[in-house]
Amino acid sequence: MTIKRKKITVVGAGFTGATTAFMLAQQELGDVVLVDIPQLESPTKGKALDMMESMPVQGADANIVGTASYDDTRGSDVVIITAGIARKPGMSRDDLVNTNASIVKSVCEQVKQTSPDAYVILLSNPVDAMTYVAYETLGFPKHRVIGQSGVLDTARYCTFIAEELNVSVEDVRGFVLGGHGDDMVPLVRYSNVGGIPIDKLIARDRIEAIVQRTRTGGGEIVGLLGNGSAYYAPAASLVQMTEAILKDKKRILPVIALLEGEYGYHNLFMGVPAILGGGGIERVFELELTESERTALDKSAESVRSVIQVITG
Ligand SMILES: NC(=O)c1ccc[n+]([C@@H]2O[C@H](COP(=O)([O-])OP(=O)(O)OC[C@H]3O[C@@H](n4cnc5c(N)ncnc54)[C@H](O)[C@@H]3O)[C@@H](O)[C@H]2O)c1
Ligand SMILES: O=C(O)C[C@H](O)C(=O)O
C-alpha cells in the first residue's frame, strides 16, 4: 500500500503565507504548494526552494513548491488563502474590504476548479466577510469553508492572562467569540487557569484591560511593525487548524463558521466555538450567554453584517 502525503496549498506568499508554508513543512503536515501572482513567481519559487533546503537541517520531509500556476495546486486536501493586502497604521481591517473581496473571489474561482474537494481556510481580512465571499464563490458545503480569527484572538488573550499571572501559557484556557474586529467578545466567564476561573485570580480592572488589549491586539502589532500586520501568531493559528482537519483531531477551536440559526443569527459568518476535525467544521457549540455578553455579541455581529453589506450592496 502506498501512503500518499497530504497536499496543502497556501495562496499568497507574503508574510503570513510564507510563514505558514514553512511551519506546515516543519511539522510534516504534508507537501506544500505556495502560490502568488505571476509577477511574483520568481521570488515565490525562491522562498519555497529556500524553505526546502532547510528541511535536511530540520529533519523534516516535505516538498515545498513555489508557483503562480493553479495547475500545481490540483487536488489539494487543504487550501489556505492569505492573498490580499494588509492594513497599515491608521487603517482598520474593514478598509481592505473591496480590494480583498475581488482578490479572494478570483482565487476561489481557481480553487473551485482545481481542488473541488478541499477544505478551505480563509485568513485575508476582513476575514469574516472574506469567508462569506469565499463560500459564495466556491459553492462548497459550509463545513468546508472556514475562517481563521478566534484561534489567533484567543492566543493573544491567553498570552496576556499568562503574563498577568506569571504562569505557563499551557494552563490558560479561554476563547473569543464574534467577529475579528475591535468589538470581538473575549468570554471571561469561560476562561480559567488550571481550572480556576480567572475572576478568582485577577482583579476586575486588570481583566478589563486584558479584554481591551485582546480586542485591539492586531492593531498593537500593526503599530509596532509600521508596515504590515502580524504573521507569526496568525501562521501558527492556521497550522493548528490545518492539523485538526488533516489528523481528524476533533479539536474544539473558535472558528469562523456559517451560522444558520445558531446564536440566533442567520446567514452570517462569524467566530464561534466548534469541533474541527476530518469533516471540517463538524459541530458548532452554542453557549448560554448573559445579557451583557449577548449585547456585545450582537454589536460584533452587526459590525460583520455592515462590512458584508459594503460588498453585497
Ligand atoms: N484573519 C487573521 O487573523 C489575519 C491575521 C494576519 C493577517 N491577515 C490578513 O491576511 C492577509 C495577508 O497578510 P500578509 O501579512 O501575508 O500580507 P502580505 O502583503 O505580506 O502578503 C499578501 C500576498 O498576497 C499576494 N496576492 C495578492 N493578490 C493575489 C492573488 N490574486 N493570488 C495570489 N496571491 C496574491 C501578494 O502578492 C502578497 O505576496 C491580509 O489581508 C491581512 O490583513 C488576517
Ligand atoms: O490586525 C490585522 O490587520 C491583522 C490580523 O487581523 C491580526 O489580528 O493580527
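What counts as what
- Residues numbered from 1 in each chain as written.
- Chains lettered and ligands numbered in written order.
- Predicted model: local features only at pLDDT ≥ 70, side-chain atom pairs only at ≥ 80, totals over all residues.
- Heavy atoms only, no water.
- UniProt positions renumbered as here; feature names shortened; annotations may be inferred.
- 1 Å grid on protein atoms, 1.4 Å probe; cavity = no way out; pocket = protein on both sides within 12 Å on 5 of 7 lines; lining within 4 Å.
- Helix = DSSP H or I, 4+ residues; strand = E, 2+ residues; numbered from the N terminus.
- Contact = heavy atoms within 4.5 Å.
- Buried < 20%, exposed > 50% of the residue type's maximum accessible area, 1.4 Å probe, protein only.
- Expected span 1.5 Å × (residues − 1).
- Near = heavy atom within 4 Å.
- Polar contact = N/O pair within 3.5 Å; in protein donor to acceptor, adjacent residues only side chain to side chain.
- Areas by Shrake-Rupley, 256 points an atom, 1.4 Å probe, with all protein chains shown as cover.
- Sits in = over half its atoms within 2 Å of the grid points.
- Nonpolar A, V, L, I, M, F, W, Y, C, P; charged D, E, K, R; others polar.
- Pairing = 2+ DSSP bridges.

Undergrad: What is the right way to read the UniProt feature "binding site: NAD(+)" (unreviewed entry) in the protein chain from this model?
TA: Look at the UniProt record and you will see "binding site: NAD(+)" (unreviewed entry) annotated at Gly12, Ala13, Gly14, Phe15, Thr16, Gly17, Asp36, Asn100, Leu123, Ser124 and Asn125. The subset of the named residues that lines the largest pocket consists of Gly12, Ala13, Gly14, Phe15, Thr16, Asp36, Asn100, Leu123, Ser124 and Asn125. Positionally, glycine 12 belongs in the loop between strand S1 (7-11) and helix H1 (15-26). Ignoring anything within four residues of it in the chain, the contact list for glycine 12 reads Gly17, Ala18, Leu34, Val35, Asp36, Thr82 and Ala83. Within the fold, threonine 16 resides in helix H1. Setting aside residues up to four positions removed in sequence, threonine 16 forms contacts with Thr82, Leu123, Ala230, Tyr231, Pro234 and Ala235.

Undergrad: Could you clarify how one ought to interpret the UniProt feature "binding site: substrate" (unreviewed entry) in the protein chain in this entry?
TA: When the UniProt feature table is mapped onto this chain numbering, "binding site: substrate" (unreviewed entry) sits at Arg87, Arg93, Asn125 and Arg156. In the annotated set above, the residues contributing to the lining of the largest pocket are Arg87, Arg93, Asn125 and Arg156. In this fold, arginine 87 is placed in the loop between strand S4 (78-81) and helix H4 (97-114). Judged by relative accessible area, which is 10%, arginine 87 ranks as buried.

Undergrad: Explain unusual backbone geometry to me, please; I cannot follow it from the model alone.
TA: Phi is mostly negative for residues that are not glycine, and the peptide bonds are mostly trans. A cis geometry characterises the amide bond from asparagine 125 onward to proline 126, with omega recorded as -5°. Looking at where proline 126 falls in the secondary structure, it is placed in the loop between strand S5 (119-122) and helix H5 (127-138). A positive phi angle is found at tyrosine 263, which is not glycine, with a value near 55°. Take tyrosine 263: it is sitting in the loop between strand S12 (251-260) and strand S13 (266-277). Phi angles above zero are rare outside glycine, and asparagine 267 is one such case at about 55°. Relative to the helices and strands, asparagine 267 resides in strand S13.

Undergrad: Teacher, can you tell me more about helix H9 (residues 232-246) here?
TA: Note: α-helices contain 3.6 residues per turn, so residues at a spacing of three or four share the same orientation. Here H9 is 15 residues long and its end C-alpha atoms lie 21 Å apart, about the 21 Å a rise of 1.5 Å per residue gives. Burial within H9 is extensive, with 11 of its 15 residues counted as buried. Buried within H9 are the following residues: Pro234, Ala235, Ser237, Leu238, Val239, Met241, Thr242, Glu243, Ala244, Ile245 and Leu246. Just downstream of H9, aspartate 248 is the residue with a positive phi angle, here 45°.

Undergrad: In this structure, what is going on with the site of ligand 2? I would like to understand it.
TA: Taken together, Arg87, Arg93, Asn125, Leu152, Arg156, His180, Gly218, Ser229 and Ala230 make up all the residues around ligand 2. For ligand 2, an oxygen atom lies 2.8 Å from a polar atom in the side chain of arginine 93. Burial of ligand 2 by the protein chains amounts to 95% of its free accessible area of 260 Å². A majority-of-atoms criterion places ligand 2 in the largest pocket. A breakdown of the residues in the shell around ligand 2 according to their chemical character gives 2 nonpolar, 4 polar and 3 charged.

Undergrad: Would you mind going over the sheet that holds strand S11 (residues 196-197) with me for this structure?
TA: Whenever strands of a sheet pair, they do so through backbone hydrogen bonds, lying parallel or antiparallel. Ordered by their spatial adjacency, 3 strands build an open sheet running S7-S10-S11, and the pairing between neighbours is antiparallel. Among the strands making up the open sheet, the edge pair consists of strand S7 (172-173) and S11. Bridge count between S7 and strand S10 (residues 192-193): 2 bridges; the pairing is antiparallel. Directly across from valine 172, in S10, lies its bridge partner valine 193.

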